[in-house]
Amino acid sequence: VQADQLLKQGRIEQAISLYETVLKEDKGFANAHYNLATAYYLKGELGKAAESLKAFLHFQPNDAEALYNLGCLKIRLGDFDEAMKCFLRAENCPCSRLISRKIKEALRFTKGLRNENPKTQQLIAYLLTLSPSSGNGYYFSSPAKVRDSLLEFSELKASVPETDGGNARSSCPD
């Protein structure tokens, strides 16, 4: 409970430390694994977040929301096949209508993403690390829409002259 409070207060490092201590004493504390995954996600450590969700799923294998979240992490890590497996498993688990809708959208998105070229896949996976999977941002757009938006942005970026102050154009990773 103390670790949960630390997490809510934004004291992520301290929450992680406490969750890890709790899990050393009781590896079977499923919710601690889930909350540790959340803390790692908030810290930007997506690989560790995915491992913590896997540990949670060892104890709660039919948790559709955890499978969905793991699938989203797998996309962000560029592992589209594993993401698809997570979403397909989640689709067969009991869940709320909201989670069911998110799973269906994620399946549609991931199927479309697999048809894109590897460079586009990498770029979209990168964008997903910047955008929450809450239904806002890029996540629920189709990969083709994201690609088209990126092309439009690239054309716009190329048409804007550089200035010495850097105000006319944003600096984006190539």
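Scroll up a little and you will see the structure.
Before going into details, it helps to say that this report is about the structure given with it. (Residues numbered from 1 in each chain as written. Predicted model: local features only at pLDDT ≥ 70, side-chain atom pairs only at ≥ 80, totals over all residues. Heavy atoms only, no water.)

### Quick notes on the packing of aromatic side chains
Using the following cut-off: Under the pairing criterion, centres of Phe, Tyr and Trp rings, with the six-membered ring standing for Trp, must be within 6.5 Å; the plane angle then separates stacked pairs below 30 degrees from edge-to-face pairs above 60, leaving the rest tilted. Secondary structure elements follow DSSP: runs of H or I no shorter than four residues count as helices, runs of E no shorter than two count as strands, and numbering proceeds from the N terminus. The rule is simple: take the accessible area with a 1.4 Å probe, protein chains only, and divide by the maximum for that residue type; under 20% is buried, over 50% is exposed, in between is partly exposed.
All chains considered together, the criterion is met by two aromatic pairs. Plain terms: the ring middles of tyrosine 34 and phenylalanine 56 are 5.0 Å apart, the flat faces sit at 70 degrees to each other, and that makes the pair edge-to-face. Here tyrosine 34 is found in helix 3 (residues 30–43), whereas its partner phenylalanine 56 is found in helix 4 (residues 46–59), with 22 residues between them in sequence. Residue classification places tyrosine 34 among the buried residues on the basis of a relative accessible area of 18%. Look at tyrosine 68 and phenylalanine 87: their rings are 6.0 Å apart centre to centre, the planes differ by 45 degrees, and that puts the pair in the tilted class. A residue pair is termed long-range when its members are at least 10 positions apart, and tyrosine 68 in helix 5 (residues 64–76) and phenylalanine 87 in helix 6 (residues 80–91) qualify at 19 residues. Residue tyrosine 68 is classed as buried on the basis of its relative accessible area, which comes to 2%.

### Remarks on the nonpolar core
One recurring pattern in soluble globular proteins is that nonpolar side chains are buried together. Definition in use: Only buried residues count toward a nonpolar core. Its members are Ala, Val, Leu, Ile, Met, Phe, Trp, Tyr and Cys residues joined through side-chain atoms within 4.5 Å.
Formed by 43 residues in total, the largest nonpolar core has its most connected members in Tyr19, Leu53, Ile75, Phe87 and Ile103. Looking at this core element by element, the count peaks at eight residues for helix 5.

### Topic: the packing of helix 5 against helix 6
When two helices pack together, you describe them by how their axes are tilted relative to each other and by the distance separating the axes. We count it as follows: An axis is simply a line fitted to the C-alpha atoms; with a helix, the fit covers only the stretch in contact. Between two such axes, the angle follows the N-to-C directions and lies from 0 to 180 degrees. Oblique is the label for any angle not covered by the other classes, which are roughly parallel (under 35 degrees), roughly antiparallel (over 145) and roughly perpendicular (65 to 115). Two helices that cross are described as forming a left-handed crossing if the nearer one is turned anticlockwise from the farther one by less than a right angle, and a right-handed crossing if clockwise. Should any heavy atoms of two residues lie within 4.5 Å, those residues are counted as being in contact. Charged residues are taken to be Asp, Glu, Lys and Arg, nonpolar residues to be Ala, Val, Leu, Ile, Met, Phe, Trp, Tyr, Cys and Pro, and polar residues to be all remaining types, Gly included.
Direction vectors running N to C along helix 5 and helix 6 enclose 165 degrees, while the axes themselves pass 8 Å from each other. Between helix 5 and helix 6, the interaxial angle falls into the category roughly antiparallel. Crossing hand, helix 5 versus helix 6: left-handed. The residues of helix 6 that touch helix 5, namely those facing Ala64, Leu67, Tyr68, Leu70, Gly71, Cys72, Lys74 and Ile75, are Phe80, Glu82, Ala83, Cys86, Phe87, Arg89 and Ala90. The residue makeup of the contact of helix 5 with helix 6, split by class, is 11 nonpolar, one polar and three charged.

### Some thoughts on the pattern of salt bridges
What counts here: What makes a salt bridge here is a side-chain nitrogen of Lys or Arg within 4 Å of a carboxyl oxygen of Asp or Glu, nothing more.
Here the structure, examined in full by the defined rule, presents six salt bridges. Measuring nitrogen to oxygen at the nearest pair gives 2.7 Å for the salt bridge that ties lysine 43 to glutamate 45. For lysine 43, a relative accessible area of 35% puts it in the partly exposed group. Residues lysine 48 and glutamate 45 are paired through a salt bridge, measuring 3.3 Å at the closest nitrogen-oxygen approach. Among the charged side chains, a network of salt bridges with common partners joins Glu13, Lys43, Glu45 and Lys48.

### So, helix 2 (residues 12–25)
Convention followed: Here, expected helix span is obtained from the residue count minus one, scaled by 1.5 Å. It is the directions from the helix axis to the C-beta atoms whose arc is reported.
Helix length check: helix 2 (14 residues) gives 20 Å between terminal C-alpha atoms against 20 Å at 1.5 Å per residue, within 8%. Ile12, Ala15, Ile16, Tyr19 and Leu23 are the residues of helix 2 that are buried. End-on, the buried residues of helix 2 take up no more than an arc of 100 degrees, which puts them together on one face. Turned more than 90 degrees away from the buried face of helix 2, the exposed residues are Glu13, Lys24 and Glu25. Its buried side turned inward, helix 2 meets helix 1 (2–8) and helix 3.

### Some remarks on helix 4
Since the α-helix advances by 3.6 residues per turn, residues separated by three or four positions end up pointing in the same direction. Across its 14 residues, helix 4 extends 20 Å between first and last C-alpha, which sits within 8% of the 20 Å expected from 1.5 Å per residue. Residues Leu46, Ala49, Ala50, Ser52, Leu53, Phe56 and Leu57 constitute the buried set of helix 4. One side of helix 4 holds all its buried residues, which, seen down the axis, span an arc of 165 degrees.

### Considerations on the environment of serine 96
Note the cut-off: Between N or O atoms, a polar contact is any pair within 3.5 Å; within protein, one atom must be a potential hydrogen donor and the other a potential acceptor, and residues adjacent in sequence are included only when both atoms are from side chains.
Tracing the sequence through the fold places serine 96 in the loop between helix 6 and helix 7 (97–113). Taking the relative accessible area as the measure of exposure, serine 96 reaches 40% and is therefore partly exposed. Residues serine 96 and glutamate 65, 31 residues apart in the sequence, show an inter-C-alpha distance of 9.0 Å. Polar contacts involving the side chain of serine 96 include one to the main-chain amide nitrogen of isoleucine 99, which spans 3.2 Å.

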